[in-house]
Amino acid sequence: VTGVQTCALPISARTANRKDFALYDLVPRMFKDVGTRDLSHILLGERYSAPFGIAPMGFCGLTSYRGDLVMARSAAAADIPMVLSASSLARLEDIPPVNPRAWFQAYLRGRLDAIDPMIDRVEAAGFKTLVITADVPVVGSRENNIRAGFTAPLRP
């Protein structure tokens with residue numbers, strides 16, 4: 001058949017994935033009492049009401065006035081983790097007063113002499129959990145942002 005793409009995984013990886021998934025059965029359970037369900041989960045020594053949270057998202061202030069603060073308050077109210085992006089438009093010092101359990105995401109790239117002062121600032125602001133993001137070794141090409149006139153920090 002022309003135009004059909006196949007999985008790019010090597011046969012051994014595909015076979016290993018199938019073998020691993022075969023270890024689990026999805027069993028529907030009807031007529032069970034779900035009134036006492038508990039989704040709480042302990043993560044890094046802290047109990048949260050759910051096993052998920054709010055991921056770091058840069059420039060949330062573009063979607064809502066002080067969007068990062070809105071997310072921090074919402075996460076605190078829902079008792080779920082929240083990670084403040086290193087690309088936040090809010091001052092990182094503004095977040096711990098509204099959510100003392102918020103985490104901070106950092107990219108540790110670039111000038112090594114800037115890392116210690118940044119970590120000191122995060123700690124002084126009251127963050128107790130530092131998330132190191134290592135998935136972006138090189139800043140991406142943002143040609144579309146340049147063409148659109150988008151800059152950070154924002155300029156009118």
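Not measured: the values here are computed from a predicted model.

K.L.:
Quick question: what am I supposed to make of helix H2 (residues 67–78) here?
P.N.:
In an α-helix, one turn spans 3.6 residues, which is why side chains three or four residues apart end up on the same side. In this model, H2 (twelve residues) spans 16 Å end to end at C-alpha, consistent with the 16 Å of a helix rising 1.5 Å per residue. Within H2, the full set of buried residues consists of Gly67, Asp68, Leu69, Met71, Ala72 and Ala75. Against the buried residues of H2 lie strand S3 (83–84). Following H2 by one or two positions, aspartate 79 adopts a phi angle in the positive range, close to 60°.

K.L.:
Teacher, can you tell me more about the environment of phenylalanine 59 here?
P.N.:
Examined against the element boundaries, phenylalanine 59 turns out to sit in the loop between strand S2 (46–48) and H2. Overall, phenylalanine 59 belongs to the partly exposed group, its relative accessible area being 23%. Taking the C-alpha atoms as reference points, phenylalanine 59 and leucine 89, 30 residues apart in sequence, are found 5.5 Å from one another.

Cut-offs applied
Residues numbered from 1 in each chain as written. Predicted model: local features only at pLDDT ≥ 70, side-chain atom pairs only at ≥ 80, totals over all residues. Heavy atoms only, no water. Helix = DSSP H or I, 4+ residues; strand = E, 2+ residues; numbered from the N terminus. Expected span 1.5 Å × (residues − 1). Buried < 20%, exposed > 50% of the residue type's maximum accessible area, 1.4 Å probe, protein only. Contact = heavy atoms within 4.5 Å.

In short, the description is geometric, and any link to function would need to be established separately.
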